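Chains, contacts and geometry: an overview
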Amino acid sequence: DDLNVLKGPVKIMDLLKNDAYLSAEQSFLQKMPVQTERMIFGHARLVTNGSEFSGSSNHPIVINKDLCLVHNGIVTNYKEFLPNELAQSDTFSDSASIAIFLEQKVRDGLSLNNAFNDFQDKLQGTASIGCLVRTQRKFVLFSNTGSLYAISNPSGTVFASEKLFLSKLLKK
């Protein structure tokens, strides 16, 4: 039930060569029995809101070690998803505002599916999202553009918001 996150304002290939990543990967694989459910989130996207040097802007976005979210797209009304006391700040990305909104809805007692329904009702812009809530043992893929693709095999499932990445993965 651990949630370990390694992220940073670096290119993915640099992150994958980083000693911290290699150590975390080895530890992760050694600690987990084969039958254990595992989820690994990898994400790269252009900066749209917030700073690429801010940990709160880099993916995955994690709230209270419970909600873990990756998002691709641009939410133009992202400040509407923030509580009033945070909406005046320019430090939150659109992705962070989505995570904060969903986490609050879940904390208020909604299921993750219903939290996404509320999100979709207010959304202006585009969003393709993978979101995990550990306490609900729930994972949701959401897209208002239809731009989510997945491939599965007995080892697991990989999803992406761009088909090109999965096509390249299949060739390997």
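To be clear, the structure that these remarks concern was listed above.
No experiment lies behind these values; they were computed from the predicted model shown. Once a new chain begins, its residue numbering starts again from 1 and follows that chain's sequence as written. Local features are withheld for residues below a pLDDT of 70 in this predicted model, meaning they are given only at 70 or higher, and side-chain atom pairs are given and counted only at 80 or more; totals for whole chains, interfaces and linings count all residues. Side-chain metrics in this entry use all non-hydrogen atoms of the structure; hydrogen atoms and water are not considered.

**Describing the overall build of the chain**
The condition is simple: Here a strand is any run of E in DSSP of at least two residues, a helix any run of H or I of at least four, and the numbering for each starts at the N terminus. Using a 1.4 Å probe on the protein chains alone, a residue whose accessible area is under 20% of its type maximum counts as buried, one over 50% counts as exposed, and one in between counts as partly exposed. Contacts between residues were defined by any pair of non-hydrogen atoms, one from each residue, lying within 4.5 Å. Here, Shrake-Rupley sampling with a 1.4 Å probe gives the accessible areas, and only protein chains in the shown set may cover a residue.
If you tally the helices and strands in the chain, you get 6 helices and 6 strands. Along the chain, helices (α) and strands (β) appear in the sequence α-α-β-β-α-α-α-β-β-β-β-α when read from the amino end. Within the chain, the proportion of its 172 residues that are buried is 31%. Counted over contacts in the chain with a minimum sequence separation of 6, partners at least 24 positions apart contribute 50%. In the structure as shown, the chain presents an accessible area of about 10800 Å², 52% of it carried by carbon and sulfur atoms.

**Thoughts on the environment of Asn113**
For Asn113, the location among the structural elements is in helix α5 (residues 112–122). Residue classification places Asn113 among the partly exposed residues on the basis of a relative accessible area of 37%. Taking the C-alpha atoms as reference points, Asn113 and Phe139, separated by 26 residues in sequence, lie 9.2 Å from one another. Look past the residues within four positions of Asn113 in its chain and what remains in contact with it is Lys138 and Val140.

**Observations concerning the sheet that holds strand β2 (residues 67–72)**
Two pairing modes exist for strands in a sheet, parallel and antiparallel, and in both the strands are linked by backbone hydrogen bonds. How we decide: Between any two strands, at least two bridges found by DSSP are needed for them to pair. A fitted line through C-alpha atoms serves as each axis, taken over the contacting stretch for helices, and the angle formed by two N-to-C directions is quoted from 0 to 180°.
If you walk across this open sheet you meet the 4 strands as β1-β2-β3-β4, and the pairing is antiparallel. The outermost strands of the open sheet, each flanked by one partner alone, are β1 (61–63) and β4 (138–143). Neighbouring strand axes in the sheet, compared pairwise and without regard to direction, differ in orientation by 15° on average. Relative to strand β3 (residues 128–133), β2 is paired through 6 bridges, and the arrangement is antiparallel. The residue bridging Asn72 from the neighbouring strand is Ser128, located in β3. Here helix α4 (residues 94–107) sits on the sheet and contacts β1, β2 and β3; the angle it forms with β2, its principal contact strand, is near 140°.

**What about the nonpolar core?**
Stated precisely, the cut-off is as follows: Within this scheme, the nonpolar core is defined by two criteria: the residues are buried Ala, Val, Leu, Ile, Met, Phe, Trp, Tyr or Cys, and they are joined through side-chain atoms within 4.5 Å.
Counting 28 residues, the largest nonpolar core has Leu69, Leu102, Phe116, Phe119 and Ile129 as the members making the most contacts within it. Contributions of two or more residues to this core are made by β1, β2, α4, α5, β3 and β4. Apart from residues lying up to four places away in sequence, Phe116 is in contact with Leu102, Ile129, Cys131, Val140 and Phe142.

**Focus on the side chain of Asn77**
Position of Asn77 relative to the elements: it lies in the loop between β2 and α3 (84–87). Those residues in contact with Asn77, other than ones at most four positions away along the chain, are Lys122, Leu123 and Gln124.

**Comments concerning α5**
Here is the rule: To be clear, the arc concerns the directions from the helix axis to the C-beta atoms.
Taken residue by residue, α5 has Leu112, Ala115, Phe116 and Phe119 as its buried positions. All buried residues of α5 project into a common sector of 100° when viewed along the axis, lining one side. Buried residues belonging to α5 abut α4, β3 and β4.

**Comments concerning α4**
Worth spelling out the cut-off: Any helix carries an expected span of 1.5 Å times its number of residues minus one.
Relative to the 20 Å expected for 14 residues at 1.5 Å per residue, α4 spans 20 Å between its end C-alpha atoms, a close match to the ideal helical length. Of all 14 residues that make up α4, 11 are buried, and the element is covered over most of its length. The complete set of buried residues in α4 reads Asp94, Ser95, Ala96, Ser97, Ile98, Ala99, Ile100, Phe101, Leu102, Glu103 and Val106. Structurally, α4 contributes buried residues whose contacts are with β1, β2, α3, α5 and β3. Phi turns positive one or two residues past the end of α4, at Gly109, with a value near 110°.

**A closer look at unusual backbone geometry**
In terms of backbone geometry, most residues other than glycine have negative phi values and most peptide bonds are trans. Look at Asn64: it is not a glycine, yet its phi comes out positive at around 50°. Structurally, Asn64 is set in the loop between β1 and β2. Of the residues examined, Asn64 reaches a relative accessible area of 57% and is grouped as exposed.

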